[in-house]
Every structure is written in C-alpha cells, then in structure tokens.
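Structural overview for review
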Amino acid sequence: HLSTPKHIGALPEPISDLRGEHHITKWDVYEIQNAKLIGPNALTITSRDKLVLANSLNSWSLLLREILRCFRSGIIPRYRRSVDEEIDIAVSLVGPWATGYFHWFAEYLPRLEGLYQFEALTGEKPTIIIPNDPPAWMIDSLSLLGYGPDRIIKWSGGSKLVHRLITPQVRHTPVQNGYI
C-alpha cells in the first residue's frame, strides 16, 4: 500500500496516481532443460532454437541487441553450435547491464529470492553464473547473501550447455512508465 507522502504544496499527479493498493506478482521460476548460453552476455537458447526473453530483462529490444552483439563477436546464435563446457544446474545472472550497479541491485540480485524459493522446494543448490571480471560490490553482495566462490562461476563468453537452467523472474508490478 502506498500512502500519501508528506509534501509541501500540491502533490504532483504522477506521485498522486501511485497512491493505493498494488499487488506484486507471484513467483515465476522456470527450469529450462538443456539450454545453451552463448556470446558476450550469455544469450539463452533452448534445444528448439528458441531465444529466451527472460534473460534479456524481458525486453525485445535488449534481446535483439544481444543477438546483434553475438554476430559482431563472430558468434552465430544457434543451438547446434559446439560447447566449451557443460554445467549440470545453474542460474544465470549475466545479461544486459548486469555489471551496472543499479541494474545489478534492481534486476539481477532480486532474482536470488526466486532461487531461495527453488532451493527450499528442491534442496538443490544451482551454480550462479555472473559476468566475467565482476566489480567488487557484485562479489560482496553475493557473499553477504551467503553465496561464496564455491557456488559462483564467471561467464567468459563462448558457449556453455546448462542441463537445467533455473530462471527466476523479478517480482514487480507495472505502474505507469515504470514498476515497483
């Protein structure tokens, strides 16, 4: 529930319109079988050559940008390409803007709440894939949440097969031009 904030003068309409009840979406945690992570930002492709929008911040324009980035890197984003490594079960926190402080804390790190739900339900502990050469604050934030180096691998590009890719979504509710 968002109540009227303390203010002086007239409350701006964009803030006034946000007052009231909002409902956050329920958990969506997906498991994708035999997904391949390809290219600079770990573009996700299913065994049926379908691209996974969820790992591009649910944005068609960012997904297109990631496809083009693969091509510019000399990588054709197809499932049939060979892999450098295979991982049994993992969650990817690699994607557009993942190394940006705001995006890490607003769109990537909150996915761990879904991972907690998955772990509580299954007892399994997926590997966490993070960007290569991560800033110290990224490692620190994971460490503070209990994820140490034994659970983390750094994405170095290329192509990896993840037999079970766990894809938690960030819970939010759309409001006007943004979300809560």
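What this report covers is the structure whose coordinates are included nearby. (Residues numbered from 1 in each chain as written. Predicted model: local features only at pLDDT ≥ 70, side-chain atom pairs only at ≥ 80, totals over all residues. Heavy atoms only, no water.)

Our next topic: the side chain of Ser159. Residue position: Ser159 is located in strand β6 (residues 159-168). Within the local environment of Ser159, its side chain forms a polar contact with the backbone oxygen of Ser82, the two atoms lying 3.3 Å apart. Non-local contacts of Ser159, meaning those with residues more than four positions away in its chain, are made with Lys36, Leu37, Ile38, Arg81, Ser82, Val83, Asp84 and Glu85. (Helix = DSSP H or I, 4+ residues; strand = E, 2+ residues; numbered from the N terminus. Polar contact = N/O pair within 3.5 Å; in protein donor to acceptor, adjacent residues only side chain to side chain. Contact = heavy atoms within 4.5 Å.)

So, about unusual backbone geometry. Despite not being glycine, Ala42 shows a phi value in the positive range, around 55 degrees. Summarising the element assignment, Ala42 is placed in the loop between β1 (29-38) and β2 (43-45).

Two strands pair when backbone bridges link them, and strand β3 (residues 85-92) and β6 are joined in this way by six bridges, in the parallel orientation. Within β6, the residue paired with Ile87 across the bridge is Val162. One ladder, built from three bridges, connects β3 with strand β4 (residues 127-131); its direction is parallel. Bridge pairing in β4 links Ala90 to Thr127. (Pairing = 2+ DSSP bridges.)

Turning our attention to helix α5 (residues 136-144). Three or more residues of α5 are buried, namely Met138, Ser141 and Leu142. Each buried residue of α5 sits inside an arc of 95 degrees when the element is viewed along its axis, so together they form one side. Facing away from the buried side of α5 by more than 90 degrees, the exposed set consists of Ala136 and Leu144. Close packing links the buried residues of α5 with α3 (101-108), α4 (111-122), β4 and β5 (152-155). Following α5 by one or two positions, Gly146 adopts a phi angle in the positive range, close to 95 degrees. (Buried < 20%, exposed > 50% of the residue type's maximum accessible area, 1.4 Å probe, protein only. Arc of directions from axis to C-beta.)

Right, let's get into the sheet that holds β4. With mixed pairing, the six strands of this open sheet are ordered in space as β2-β1-β6-β3-β4-β5. Each of the sheet's edge strands pairs with one partner strand only, and the pair in question is β2 and β5. Here the strands of the sheet are splayed against their neighbours by 45 degrees on average, with no regard to which way each runs. Sheet analysis places β1 next to β2, joined by three bridges and oriented antiparallel. Pairing of Ile38 across the sheet is with Leu43, part of β2. Along the sheet, α4 makes contact with β1, β3, β4 and β6, crossing β6 at roughly 85 degrees. (Axes fitted to C-alpha atoms, helices over the stretch in contact; angles between N-to-C directions.)

Let us now look at the pattern of salt bridges. Summed over all chains, the structure comprises seven salt bridges. A salt bridge links Asp49 to Arg80, with the shortest nitrogen-to-oxygen separation between them at 3.6 Å. You can see Asp49 sitting in the loop between β2 and α2 (60-72) and its partner Arg80 sitting in the loop between α2 and β3, a full 31 residues away along the chain. Given the relative accessible area of 32%, Asp49 is considered partly exposed. Judged by its relative accessible area of 60%, Arg80 is exposed. Across the salt bridge formed by Lys160 and Glu85, the nearest N and O atoms sit 3.6 Å from each other. Note that Lys160 is positioned in strand β6 and Glu85 in strand β3, a separation of 75 residues in sequence. You can call Lys160 buried: its relative accessible area is 5%. Taken together, the shared-partner salt bridges in this structure form one network comprising Glu31, Glu124 and Arg164. (Salt bridge = Lys/Arg side-chain N within 4 Å of Asp/Glu carboxyl O.)

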